[in-house]
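This is what each chain is made of:
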Amino acid sequence: MAASTEALDRETKLQGMGVSRLRKEDARFIRGRGTYVDDIKLPGMLFGAIVRSPYAHARIKSIDKAGALAVPGVVAVLTADDLKPVKLDWMPTLGSDVQAVLADKKVCFQMQEVAFVIASDRYSAADGADAVEVEYEELQAIVDPHQSMAKDAPIIREDIAGKDEVGHGKRTHPNHIFTWDAGDKAATDTAFANAAVTVKEEILNPRVHPCPMETCGCVASFDKVTGQLTVYITSQAPHLVRTVVAMLSGIPESKIRIIGGDIGGGFGNKVPVYPGYVCAIVASIVTGVPIKWIESRIENISTTGFARDYHGVGELAADKDGRIKALRFTALADHGAFNSHVSATKLPAGLFSICTGSYDIPKAYCRVDAVYTNKAPGGVAYRCSLRVTEAVYLIERMIDVLAQKLNIDKAEIRRRNFVKADKFPYTTSLGWTLDSGNYQVALEKVLKAVDYEGLRKEQAAKRADPNSPTLMGIGICTFTEIVGAGPTKVCDILGIGLFDSCDIRVNPTGSAIARLGTMSQGQGHATTYAQIIATELGLPSEEIQIEEGDTDKAPYGAGTWGSRSTPVAGAAAARAARKIREKAKKIAAHLLEV
C-alpha cells in the first residue's frame, strides 16, 4: 500500500500523461499577454494593402497607379510588371502547381490579388488601394465543376493551356488538373455485375471555409547588409514556408528565419503560402524596411484555403443479407483557379483511398478528377487529415443507404461488415494496412452507453404518434482515421517527408527545454508535450519548457495540421526523452559504480 501511495504521489507531482492539470500556456492568454503577428512592431515599418478583382474571370486592360501614388503616405504600388524582372510574379503551390502572386493580364477568381500598395500606415495603404484604377474586360466564369471540361468551356488557366500535365499526370482538357484512381476497376465492375443488390447515391461535400478567429498576415523584414530575411507569420508549418520562400526568392534557406509566434486558430487555413506573404517579402526586399500585411475578415473568407468541394457518386454492391461485395466511387474535385490543395506527391487526391473505412470490402475502386474553376484556390485539411472527412462521409452515407434499401438496422449492417478482430493486421482492397482493432466491441459499448434499444423504442413511439411535436432520427458513424498525414513512405509535401523532430536540452539544475517542428494554434502543445516528456524522464511537467515555431531554434518539422502533432511530434518527443533517459542511466551507473 505504501509503495502504491508513493507512486501516486510521484505521478501527481510530475503531472505527466494521464494526470489532469491546468494548461501551461493559458495564463498569458487569459491575461491578454499573447503575441500575435499584428502585435509585432518594428522600427521604420510600412504597411501593405491588396487591390483585388471584383470579377471572377476578366482580362486586365490597364492598371493606373497615379491616383494611389498621390494619396498622402503611399510609398509605392507593386503590380505583376514590377515582379517580373526579379522572377517573383509566380510562386509554387503545395499542390505542385504555380499561382500568380499578382494577376498578370487576367484574373481567374473574384478577389484575386491585382496590386500591392505600400504606405506609412494601414489606413493610407487602404486609401491607396481604393485609388488604384483597374480596367477590366469581363469574361464568362465557371463556378460549376461539372461545366469545367465541357467542349466549349472557357479556358481558365491560359498560362498552362498547352501543357499536358501540371504535376500529377496527363490532362484531358485545359481545365483538367489530374486524374487519380485506386483499386481494381475490372474486378469491382465484375462484382457489381454479379451482385444481388446495388445502391447508388450522389455524395456532395460542399465547399466550406475554416474561418479561424485570427486572419492571415505577416511582417517581413529583409536586411540588405546581411542578406537575412526574417518573417513573422501566421503559419501552421513555418519550416515548409521557409522552404517555399527559398525556392521562390533564391535566398539561401540558411538565411531565412520564419517565426510563428502565437496563432489564433488555423484549421488548415494557415498551411498554404499566400500571395500577401510574398508581396510583403518582395516589398521589404525592395524598400529595405519591414512590411506588415494583415488581411481583413472578408479577404480571409473570400481568398484563403477552403476545404471539401467534392462532387461524387457512390455505389455499393452487396448480397441480400447486406454483406458488402464492392465499393465504387467517382468524383469531381473543384480546386478553384490554382491547384494549391495541400497534397502528397504520390497522393494528389489526399488520403481519400481510406474510404473502405472499418469494413471488410473485398473489391473497391475510386477515381477523382480534379478541375479548375473560377473560384478561390485551396483544399486544406480542415478538421482532419487530407480528404479523410470526405472518405468517411462517403462510406458511412452509403452504408446507411444500403441499410435503408434492405430494411436492416444501421447498427446491425455495420456488425455484419466490420473487419473481424481475428483478421488484423488487415490490408484493405485499396492498399492500406489496418494494424489492429476490435470495431464490433467498440460499437457495442457505444450502443450500450446510449441505450440504443431504448432510443429505437422511443423513436418508434414518436413516429406512431400523429400528435408528437418531435421528428426523431438516430445516426451511427464509425471512423477509422489515418492521422499524422503519413507515413513518410507514401506522404510528402514538395518532396519533403512528413516527419517531425524534437530536440531536448536538460539543464544542470534539472529543468528542461524541448523544441519541436510543430506549431500550436490553440491545441495546448506546451502542456501535452511537457506531460509526455515528464512521464518519460521523471521531471515535473511544470519545469519543462516547450518552444516551437521559430525556424532558427526548432528542428525541421512539417508543422501542425492533419491531426499530426501528438502522433508524430509527440512520438518524437517520447523517443528523444528515452534516449536521454538511457544516457542518464549509463552516467548514473558509472558514478554509482554499479
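The model shown is predicted, which means the values in this text are computed figures rather than measured ones.

Asks: What is the right way to look at the environment of Ile-482 in this model?
Replies: Position of Ile-482 among the secondary structure elements: in the loop between helix H13 (452–464) and strand S20 (492–493). Considering only alpha carbons, one finds Ile-482 and Trp-432, 50 residues apart in sequence, at a separation of 9.8 Å.

Asks: Would you take a moment to explain the pairing of strand S24 (residues 544–548) for this structure?
Replies: Here is the key point about a regular strand: its side chains alternate between the two faces of the sheet. Only one face of S24 is buried, namely the one carrying Ile-544, Ile-546 and Glu-548, since none of Gln-545 and Glu-547 on the opposite face is buried. In the sheet, strand S23 (residues 512–516) pairs with S24 via five bridges, with the strands oriented parallel. Among the inter-strand pairings, Ile-513 is bridged to a residue of S24, identified as Gln-545. Note on the crossover from S23 through helix H14 (residues 525–537) to S24: the handedness is right-handed.

Asks: Explanation requested: the sheet that holds strand S14 (residues 291–294) in the structure shown.
Replies: In a beta sheet, neighbouring strands are held together by backbone hydrogen bonds and run either parallel or antiparallel to one another. Spatially, S3-S7-S1-S14-S11-S12-S13 is the arrangement adopted by the seven strands of the open sheet, whose pairing is mixed. At either margin of the open sheet sits one strand with a lone partner, and together these are strand S3 (74–78) and strand S13 (256–259). Across this sheet, the average inter-strand angle for adjacent strands is 20°, counted without regard to direction. The sheet contact formed by strand S1 (residues 46–52) and S14 spans two bridges and is parallel. Across the sheet, residue Phe-47 finds its bridge partner in S14, namely Lys-292. The sheet strands contacting helix H5 (residues 122–131) are S1, S3, strand S7 (113–119) and S14, and the helix crosses S1 at an angle near 25°. With respect to the sheet, helix H8 (residues 275–287) is in contact with S1, S3, S7, strand S11 (217–223), strand S12 (228–233) and S14, its orientation differing from that of S11 by roughly 25°.

Asks: Can you help me understand the sheet that holds strand S8 (residues 133–138) in this one?
Replies: With antiparallel pairing, the three strands of this open sheet are ordered in space as S6-S2-S8. The outermost strands of the open sheet, each flanked by one partner alone, are strand S6 (106–107) and S8. In this sheet, S8 lies alongside strand S2 (residues 58–64) in antiparallel orientation, the contact comprising six bridges. Bridging from a neighbouring strand, Asp-64 pairs with Glu-133 of S8.

Asks: Help me understand the packing of helix H10 (residues 388–406) against helix H11 (residues 410–417) in this model?
Replies: Any two packed helices are characterised by the angle at which their axes cross and by the distance between the axes. Contact pair H10 / H11: the axes reach a minimum separation of 9 Å and the direction vectors enclose 110°. Relative to H11, H10 is oriented roughly perpendicular. The interaxial crossing formed by H10 with H11 has right-handed handedness. Residues Glu-396, Ile-399, Asp-400, Leu-402 and Ala-403 of H10 form the contact with H11, whose own contacting residues are Lys-410, Ile-413 and Arg-414. Residues of the contact of H10 with H11, tallied by class, amount to four nonpolar, no polar and four charged.

Asks: Explain H8 here, please?
Replies: Along an α-helix, residues three or four positions apart point the same way, because every turn accommodates 3.6 residues. Taking 1.5 Å of rise per residue, the 13 residues of H8 would be expected to cover 18 Å, and the 18 Å separating its terminal C-alpha atoms lies within 8% of that figure. Taken across its 13 residues, H8 has ten buried, putting it largely inside the fold. Among all positions of H8, only Pro-275, Gly-276, Tyr-277, Val-278, Cys-279, Ala-280, Ile-281, Val-282, Ala-283 and Ser-284 are buried. Phi turns positive, to about 80°, at Gly-288, one or two residues after H8.

Asks: Teacher, can you tell me more about the packing of aromatic side chains here?
Replies: What describes a pair of aromatic rings is the distance from one ring centre to the other and the angle between the planes of the rings. Taken as a whole and judged by the stated rule, the model has twelve aromatic pairs. Taking the centre distance of 6.5 Å and the plane angle of 35° together, the rings of Phe-29 and Tyr-36 count as tilted. Looking at Phe-29, the relative accessible area reads 30%, which means it is partly exposed. Ring geometry for Tyr-359 and Phe-418: centres 5.6 Å apart, planes at 5°, overall stacked. Taken together, the residues span a long stretch of sequence, with Tyr-359 in the loop between strand S16 (324–334) and strand S17 (363–371) and Phe-418 in the loop between H11 and strand S18 (426–427) at a distance of 59 residues. By way of ring pairs, the aromatic residues Tyr-359, Phe-418, Phe-424 and Tyr-439 are connected into one cluster. The ring of Phe-29 has Arg-28 sitting right over it, with the charged end atom 4.4 Å from the ring centre.

Asks: Sorry, what's going on with the side chain of Arg-242 here?
Replies: With respect to the helices and strands, Arg-242 occurs in helix H7 (residues 238–249). The buried category is assigned to Arg-242, whose relative accessible area is 13%. Reaching out from Arg-242, the side chain makes a polar contact with the backbone oxygen of Thr-551 at a distance of 3.4 Å. With near-sequence residues (within four places) excluded, Arg-242 lies in contact with Glu-253, Ile-256, Ile-258, Thr-551 and Tyr-556.

Basis of the calculations
- Residues numbered from 1 in each chain as written.
- Predicted model: local features only at pLDDT ≥ 70, side-chain atom pairs only at ≥ 80, totals over all residues.
- Heavy atoms only, no water.
- Helix = DSSP H or I, 4+ residues; strand = E, 2+ residues; numbered from the N terminus.
- Buried < 20%, exposed > 50% of the residue type's maximum accessible area, 1.4 Å probe, protein only.
- Pairing = 2+ DSSP bridges.
- Right-handed = clockwise from strand over helix to strand, strands pointing away.
- Axes fitted to C-alpha atoms, helices over the stretch in contact; angles between N-to-C directions.
- Contact = heavy atoms within 4.5 Å.
- Parallel < 35°, antiparallel > 145°, perpendicular 65-115°, else oblique.
- Left-handed = near helix turned anticlockwise from the far one by under 90°.
- Nonpolar A, V, L, I, M, F, W, Y, C, P; charged D, E, K, R; others polar.
- Expected span 1.5 Å × (residues − 1).
- Phe/Tyr/Trp six-rings, centres within 6.5 Å; stacked < 30°, edge-to-face > 60°.
- Lys NZ or Arg CZ within 6 Å of the ring centre and 35° of its normal.
- Polar contact = N/O pair within 3.5 Å; in protein donor to acceptor, adjacent residues only side chain to side chain.

Read these as geometric descriptors, not functional statements.
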